[in-house]
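Coordinate inspection notes
Spelled out, the chains give:
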Amino acid sequence: MGKKLCGTNYPTSICFIVVNEFCERFSYYGMKAVLTLYFLSYLKWDKDLSTAIYHAFSGLCYFTPILGAVIADSWLGKFKTIIYLSIVYVIGHVIKSVGAIPTVGNTDVHIALSMLGLILIALGTGGIKPCVAAFGGDQFEEEHIKERQKFFSIFYMSINAGSVLSTLITPILRGDVQCFGDDCYALAFGVPAALMVVALAVFIFGSGMYKKNPPQGNVLGEVCKCIGFAIKNRWNSSKGDLKRKHWLDWAEDKYSKRLIQEIKMVLRVLVLYIPLPMFWALFDQQGSRWTLQATRMNMAFGESFTIKPDQMQMLNALLILVFVPIFDLIIYPLVGLCRIKITPLRKMATGMIFAALAFGAATLVEVNVVKTVVEPAPAEQCLLQVYNLAEGDISVRVAGSDLFQNPIPKLQDPPAYETLTLGAPNKQLYIDVTFTGKQYQCSHAFEEQKAYSLIIYKENLDIKCKLVEDYVMKNEDGNPNVRFFNTWTEAINITVGETAFYVPSNYSMSPNNSVNRGLYPVVGCSHQTKNCEDLNLGLLDFGASYTFILVEESGKIVAKMMEDVKANNVHIAWQIPQYALITVGEVMFSITGLEFSYSQAPNNMKSVLQAGWLLTVAFGNVIVLIVAEGAGLEQWKEFLLFGSLLLGVCIIFSIMAHFYTYVDPEQLSKMYSEDSGKEEENDGNDMKKKKNDDIPLNEKKSTKL
């Protein structure tokens, strides 16, 4: 018997298991929190590809637990499986972190290392997923049931604690720490890698205290063999063979009736699992589509606190810790007092409805978020705006268009981009400018699907035109873009925060750079002959793109702001309702689903249902992968599609639940208390035969939504 904690019935070994789980979950969720933005800003993938790869990785993490369970049950046992696959896990983290170092190879090398690292991480985290909790449960004696239950509560708390802390910390490491001149993804992935090393070291350190059960055979493999044998026998049967009531009964020639009856019970539950992937298709978008939505929102809480878009995911873990006791201690008892029968399947169906409502809320938010987004021009068209730097109002006419009907005042911030039709992939167009009654003409080449600023300025007695290409896409991390246009005869150096700008002389534009959101009342600038006075740029807000025109007023340089792309005007707090709704759905669907599965399966078949449950999560991520790459919908329409699909699936699930009959697996154990491998006497007792063919197992009233 192992050592106990302070005279209690808790084995000392569980301390190492809980710490291991905390560090492993910190490692997994911390890496995953910044993964979507890593694809976007570091690997330069588009949003759809980033979403697809994110969900491909998430799905793989839920396919591999079956492999881990088979290895543990049939070959190595839980302890060795956890050790070996944790080593694979650590190697994957290290490779992933190295792939995020800019100086290691080119983009192809970074992509190859990232994908290899993610595959190894999926194999590691998925492989140990079915082993760690079960290994912790193995440490308790059979009579210490209450202690085991409390251990699983502590184990679950360690998972959520690791999730909350990691989704809070790793985005800070990504965005607030600069390395190699940009966001430090190498550090954001490196810290989770270090935590996984700690998890492995802690688990190994407690190896002398563990109770290690030997492999007890692969139940999942036995189930698959039995089903395969039944199908084969049924296919090869002739018309003269004795009819069987159920197709699984064709396996009676080789397998015990008890095993066949247990598989029937499991299959009844697995059929109910068929609609469930759609819930997970919605739930797992918190780390992909919802994070991308957050990048286009205002993330400032006053002037002192700013949240990062990938930190919003921690709300789910926080709300889980709050909602679970509220539902168990308050909501469910109150509903019970109203004489409403609460069954597990009803809870799950209600959870689906809440998840669909969450995507309804996300749709409303998205409709308002996109109002500040400048949509790229379609084929054979481009976007155009005009800056007037002349000494008075001007009128602009572009050949072949009716744009800019009204006069444009000096230094007016253009209200919006106009769509200019080219009629070809590229075209040379003449532009007529009227100033103080005189007409001037210039010519520029335009390309389709690009955005331009036409800058009109006076040089000596002539009017000049300069066409510059604009960057109108909002930054993936939400920070604003800034550039400067210099009207002076000398080049100017400007430093905004930690970003330096070199602005060439004589009506030239600086490159476009991202800066941190914030107030910039004092910005240093200098030119060749002397230092210029500090510039007041004001508030550079989330999601905006600014052009500052450097002009001379009263003998000093002044920066005039032009807001090319509007700042994000929907606050990120509007995401809280959708996170609250999806978490309520998780409490009612996920936790209840596991409870239902375990209550409806024989003891030796619970691992089979666990595998089936994890596969529903995997297939849910496959659904998102397909829609993200294949649908091509606007984001609000995609959210609405997912919500509508889940409501439809909920109706189907409710109909299936109506016809489901709850059973008591314990009754099966009593019925087959004798050796189930022995053949029963064929005495012609039809009633007894009927009972063994399809046992009702304490049927209860069906549930309805």
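Residues numbered from 1 in each chain as written. Predicted model: local features only at pLDDT ≥ 70, side-chain atom pairs only at ≥ 80, totals over all residues. Heavy atoms only, no water.

Along its length, the protein carries 17 helices and 22 strands. In terms of overall dimensions, the protein has C-alpha extents of about 115 × 60 × 50 Å along its principal axes. By the burial criterion, 51% of the 705 residues in the protein qualify as buried. Partitioning the contacts of the protein with sequence separation of at least 6, the portion at a separation of at least 24 is 71%. When the accessible surface of the protein is totalled, it reaches about 32200 Å², and 59% of it is carbon and sulfur. (Helix = DSSP H or I, 4+ residues; strand = E, 2+ residues; numbered from the N terminus. Buried < 20%, exposed > 50% of the residue type's maximum accessible area, 1.4 Å probe, protein only. Contact = heavy atoms within 4.5 Å. Areas by Shrake-Rupley, 256 points an atom, 1.4 Å probe, with all protein chains shown as cover.)

Attention shifts here to the packing of helix H1 (residues 13–33) against helix H6 (residues 185–205). The N-to-C vectors of H1 and H6 enclose an angle of 160°; their axes lie 8 Å apart at closest approach. Relative to H6, the element H1 is oriented roughly antiparallel. Regarding H1 and H6, the two cross each other, and that crossing is left-handed. The segment H1 lies against H6, with Phe16, Ile17, Val19, Asn20, Cys23, Glu24, Phe26, Ser27, Gly30 and Met31 engaging Phe189, Val191, Pro192, Leu195, Met196, Val198, Ala199, Leu200, Val202, Phe203 and Phe205. (Axes fitted to C-alpha atoms, helices over the stretch in contact; angles between N-to-C directions. Parallel < 35°, antiparallel > 145°, perpendicular 65-115°, else oblique. Left-handed = near helix turned anticlockwise from the far one by under 90°.)

This next bit is on the sheet that holds strand S8 (residues 426–435). The three strands lie next to each other as S6-S8-S9, forming an open sheet whose pairing is antiparallel. The open sheet is flanked by strand S6 (394–398) and strand S9 (438–447), the only strands paired with a single partner. Recorded for the sheet is a direction-independent mean angle of 25° between the axes of neighbouring strands. Bridge analysis of S8 against S9 gives ten bridges, and the strand direction is antiparallel. Across the sheet, residue Thr434 finds its bridge partner in S9, namely Gln439. (Pairing = 2+ DSSP bridges.)

Attention shifts here to empty space enclosed by the protein. The gaps left among the atoms become clear once a water-sized probe is rolled over them. This structure, assessed with the given rule, holds four cavities of 30 Å³ or more. Put simply, the second largest cavity is a space of about 40 Å³. If you go around the second largest cavity, the residues you meet are Tyr417, Asp470, Tyr471, Arg483, Asn512, Ser545, Tyr546, Thr547 and Asp564. Sorting elements by how many residues they give to the lining of the second largest cavity places strand S21 (residues 545–553) first, with three residues. For the lining of the second largest cavity, the class distribution of residues is three nonpolar, three polar and three charged. (1 Å grid on protein atoms, 1.4 Å probe; cavity = no way out; pocket = protein on both sides within 12 Å on 5 of 7 lines; lining within 4 Å. Points joined across faces, edges and corners; volume = space filled by probe spheres on them. Nonpolar A, V, L, I, M, F, W, Y, C, P; charged D, E, K, R; others polar.)

For the rest of this paragraph, the subject is the confidence of the model for the protein. Mean pLDDT for the protein: 85, with 92% of residues reaching 70 or above. By mean pLDDT, helix H17 (residues 686–693) is the weakest element of the protein at 41, and helix H9 (residues 277–283) is the strongest at 95. Across residues 674–705, where pLDDT falls below 50, the model places 60 contacts with residues more than four positions away in sequence or in other chains. (pLDDT = per-residue confidence, 0-100.)

Attention now moves to the state of the cysteines. Tallying each qualifying case throughout the model produces two disulfides. There is a disulfide in this structure between Cys179 and Cys184, and the S-S distance comes to 2.0 Å. The sign of the S-S torsion, about 110°, decides the handedness of the disulfide formed by Cys179 and Cys184: right-handed. In this structure, Cys179 and Cys184 share a single accessibility class: buried. The residue that forms a disulfide with Cys442 is Cys465, at a sulfur-sulfur distance of 2.2 Å. Taking the sign of the S-S torsion, about -75° here, the bridge from Cys442 to Cys465 comes out left-handed. On the criterion of sequence distance, the pair formed by Cys442 in strand S9 and Cys465 in strand S11 (residues 462–470) is long-range, its members being 23 residues apart. Since its relative accessible area comes to 13%, Cys442 is described here as buried. Residue class for Cys465 comes out buried when judged on its relative accessible area of 17%. Of all cysteine sulfurs, the one in Cys224 lies closest to Cys226, which takes part in no disulfide; the gap is 10 Å. (Disulfide = S-S within 2.5 Å.)

Turning our eyes to something else, we now look at the packing of aromatic side chains. Applying the stated criterion across every chain, the model contains 44 aromatic pairs. An angle of 70° between the planes, with centres 5.7 Å apart, marks the rings of Tyr273 and Trp613 as edge-to-face. Of this pair, Tyr273 sits in helix H8 (residues 257–273) while Trp613 sits in helix H14 (residues 606–630), and the two are 340 residues apart along the sequence. Since its relative accessible area comes to 4%, Trp613 is described here as buried. Here Tyr457 and Tyr507 contribute two aromatic rings whose centre-to-centre distance is 3.9 Å and whose plane-to-plane angle is 15°, an arrangement assigned as stacked. Taken as a pair, Tyr457 in strand S10 (residues 451–459) and Tyr507 in the loop between strand S14 (499–503) and strand S15 (508–509) lie far apart in primary sequence, 50 residues in all. Overall, Tyr457 belongs to the buried group, its relative accessible area being 10%. The exposure class assigned to Tyr507 is buried, which follows from its relative accessible area of 17%. Counting every residue linked through ring pairs, the aromatic cluster contains Tyr38, Phe39, Tyr42, Trp45, Tyr185 and Phe189. If you follow Lys129 out to its NZ or CZ, it ends over the ring of Tyr28, 5.9 Å from the centre. Sitting over the face of the ring of Phe79, Lys212 holds its NZ or CZ atom 4.1 Å from the ring centroid. (Phe/Tyr/Trp six-rings, centres within 6.5 Å; stacked < 30°, edge-to-face > 60°. Lys NZ or Arg CZ within 6 Å of the ring centre and 35° of its normal.)

Attention now goes to unusual backbone geometry. The phi dihedral of Leu411 is positive, around 55°, even though this residue is not glycine. As for its position among the elements, Leu411 is in the loop between S6 and strand S7 (418–421). Despite not being glycine, Tyr507 shows a phi value in the positive range, around 55°.

Once that is clear, we can look at a nonpolar patch on the surface. Taken together, the side chains of Met157, Leu321, Val322, Ile326, Leu329, Ile330, Leu334 and Leu337 define a hydrophobic patch exposed on the protein surface, amounting to about 760 Å² of accessible area. Ranked by residue count, the leading element in the nonpolar patch is helix H11 (residues 314–337), at seven residues. By relative accessible area, Met157 is classed as partly exposed at 48%. (Patch = residues over 30% accessible without salt bridge, like charges linked within 9 Å, V, L, I, M, F, W, Y side chains within 5 Å. Salt bridge = Lys/Arg side-chain N within 4 Å of Asp/Glu carboxyl O.)

The next point concerns the side chain of Asn160. Tracing the backbone through its elements, the reader meets Asn160 in helix H5 (residues 145–176). Setting aside residues no more than four positions away along its own chain, Asn160 makes contact with Ala317, Ile320 and Leu321.

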